[in-house]
Amino acid sequence: MSIPNRFGPILLAHSYYLRYDEKQVQKMRPYAPLATLIVTATLRNKGFDVRFFDAMLSAGVEEFAGALEGIRPAAVAIVEDNFNFLTKMCTLRMREAALDMIAAAKFRGIPVVVNGSDATDHTEQYLAAGADVALIGEPERSLEDVLVAWEAGVSDLSGIPGLVLPGGGADRPVPTSTPSRPYLKDLDALPFPAWDLVDVDRYRSAWRQRHGRFSWSVVTSRGCPYRCNWCAKPIFGTRYVQRSPADVAEEVRLLKQDVAPDHLWFADDIFGLTEHWITSFAEELAAREAQTPFMMQTRANLLTPSVVKALRESGAEEVWIGVESGAQHVLDAMDKGTTVEQVRSATQALKSQGIRTGWFLQLGYLGEEWDDILQTRDLVRQERPDDIGVSVAYPLPGTEFFNIVQEELGHKRNWVDSGDLAMMFRGTFSTSFYRDIRDLLHNEVVTGPSADTERRWTSLAERALSVRSAR
C-alpha cells in the first residue's frame, strides 16, 4: 500500500444496498446509515474533507465505482451501520457487495478501511480482498487515528489500538491484532449524524409512496446488558451506555427542523431501559415542542405499567418486544431472562395505553418441539399482537449458541439475504417446514384463525409427527 503524498477527501461508505435484498425491497423501509453518518460527522469535526456514499437506495456497486472516479479520494472507509439489524445479520449478498467495493477502490490504488459485524467475524476474508486495515469495535477514534497516521505518511499502524492488520510480509506473515480500544463512555460528546449529506428527498419519496409518511432513525444508546446466548454483539458488546435525554431531544428537535420526518424509529437494542430516562426524555421533548410519533424495541421484563405510561407520554406509537417463543423452557435455554407471563403483562399494558405491539419470534432453537411451536401459536392467538417478525435460529460467531452447534454447520454459515431463513444446523424440522410455520403465524396475526389456517396447522402437525416417528 502506498500512502498519498498529499491527503485529499475521505470517502465514507457502507455496503447495505436495499436492491440486493428482495424482502426489504418489498417492505421499502429504508433508513440512512446512522453509524456511518456519525463517523462522517466526527471526522468532519476534526477537519477532514469528508464525502459520503450512501448504498441504501443506490442502483448498485457500479455507482460506488463511479463515485470513486468522481471524487478520487485519498482513502475509503467502509463503515457499516452497526445500529441496523439488517447489517448485523451478516448476509452473504451484502458481504459480496462490500468485497466488490474494496476491489473497486484497490483497483484505483486507494487505501481501504473496513468496520462492521461481518468484517469483525470474517476479518481475514476482508483483508484478503484488499482492505488495508479492519477496525474492531467502535470506529470513531480508531478511524481518526489511522487517517492521521496516513496523512503524516506513517504506514506502520501497529501502535494504534483497535485494529487488525493484514499479513504477508516477512515481519508479519499473518494478520495481527493491536491491543483492544476501550469503549466510548460519553456519547453526548459525539456529534449528531451528518444527515445534511443524505439525499433526504429520495428517502422521503420512497417512504411516502409506499407508506404515506416519512420515517427517520435515531439512536440513544450503545450495547445491551442482557446475555441471550444467540445474540451477537461484535461492535458494542454487553455494556450499555446512554446519551442524556436532553441530547437526544435536541437531535429530534433539529431533525424536525432540518429533515422533517413524520415518524421516528429508535434503533437501539433496548430503548430507554429505565422509567426515569423515558420520563426525562418526554419532558425534554415537551420543552422543545419536538414530540414525534416513534417506534422502538425493548424487553418484556422492562415494560411495567408505569414505564408504558411514560412511553406513551414521550410519543411511543409502536413497541417491539423480543418474545422469541411461547414455551418457557425454550426461553430458558436461550438465557433470555424473561417469562411468558411477562410477555402477556407487557402486551396488555401496551394495549391499555393504545400503543401498537410487535413481537419478534424465533423458531427452531435447540430443544424446540412441535408442542412448543403450538404454544407460540396459542400465545399469538391469546394476546393478539398487532404485528410479528418471524425468524429461525441463526448461529453467528461470537455467541454461545454458535459454539454449541458449530460442529453441525456446513459450508453455508450465513443467510444470502434477510428472507433466507435457512436452518444451518440440525434442528428439529427443515427449513421449508419453518417457512411454512412463519407464513401461518403471519396469517394468525393478519386474519386470525380460520378454517383454512386450521387445515394447514393440521397438515403441519402430521408432518411433525412423521419427523418424530423417523427419529
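Calculation rules
Residues numbered from 1 in each chain as written. Predicted model: local features only at pLDDT ≥ 70, side-chain atom pairs only at ≥ 80, totals over all residues. Heavy atoms only, no water. Pairing = 2+ DSSP bridges. Helix = DSSP H or I, 4+ residues; strand = E, 2+ residues; numbered from the N terminus. Axes fitted to C-alpha atoms, helices over the stretch in contact; angles between N-to-C directions. Core = buried A, V, L, I, M, F, W, Y, C linked by side-chain atoms within 4.5 Å. Buried < 20%, exposed > 50% of the residue type's maximum accessible area, 1.4 Å probe, protein only. 1 Å grid on protein atoms, 1.4 Å probe; cavity = no way out; pocket = protein on both sides within 12 Å on 5 of 7 lines; lining within 4 Å. Points joined across faces, edges and corners; volume = space filled by probe spheres on them. Nonpolar A, V, L, I, M, F, W, Y, C, P; charged D, E, K, R; others polar. Salt bridge = Lys/Arg side-chain N within 4 Å of Asp/Glu carboxyl O. Parallel < 35°, antiparallel > 145°, perpendicular 65-115°, else oblique. Left-handed = near helix turned anticlockwise from the far one by under 90°. Contact = heavy atoms within 4.5 Å.

Taken together, six strands build an open sheet; the order of strands is β8-β11-β12-β13-β14-β15 and the sheet is parallel. Because the sheet does not close on itself, it has two edges, and the strands there are β8 (215–218) and β15 (387–392). This sheet shows a mean twist of 20° between the axes of neighbouring strands, independent of strand direction. Pairing of strand β12 (residues 294–298) with strand β13 (residues 316–324), which is carried by five bridges, proceeds in the parallel orientation. Note on β13: the bridge partner recorded for Phe294 is Ala316.

With 138 residues, the main nonpolar core has Phe64, Trp216, Phe266, Leu311 and Trp370 as its most contacted residues. Sorting elements by how many residues they give to this core places helix α5 (residues 92–107) first, with eight residues. Counting residues in each nonpolar core, the second largest holds 23 residues, with Ala74, Val79, Val133 and Leu135 among its members.

What follows deals with empty space enclosed by the protein. Per the stated rule, a full pass over the model turns up four cavities of 30 Å³ or more. Taken as a whole, the largest cavity encloses approximately 150 Å³ of empty space. In this structure, the largest cavity is lined by 17 residues; those nearest its centre are Ser15, Glu80, Thr87, Met94 and Asp118. Counting only elements with at least two residues in the lining of the largest cavity, the list comes to α4 (85–88), α5, β4 (112–115) and α6 (117–121). In terms of residue class, the lining of the largest cavity is built from nine nonpolar, five polar and three charged.

The full count for this structure, using the stated rule, is 35 salt bridges. Put simply, Arg377 and Asp378 hold a salt bridge, and the shortest N to O gap is 3.0 Å. Asp378 sits in the partly exposed class, given a relative accessible area of 27%. Each of Glu138, Glu140, Arg222 and Arg239 takes part in salt bridges that share partners, so that together they form one network.

This paragraph deals with the packing of helix α10 (residues 245–258) against helix α11 (residues 275–288). Closest axis-to-axis distance for the α10/α11 pair is 8 Å, and the angle between their directions is 40°. Comparing the axis directions of α10 and α11 gives the class oblique. Note on packing geometry: the crossing formed by α10 with α11 is right-handed. Across the interface between the two elements, Pro245, Ala246, Val248, Ala249, Glu250, Val252 and Arg253 of α10 pack against Trp277, Ser280, Phe281, Glu284, Leu285 and Arg288 of α11.

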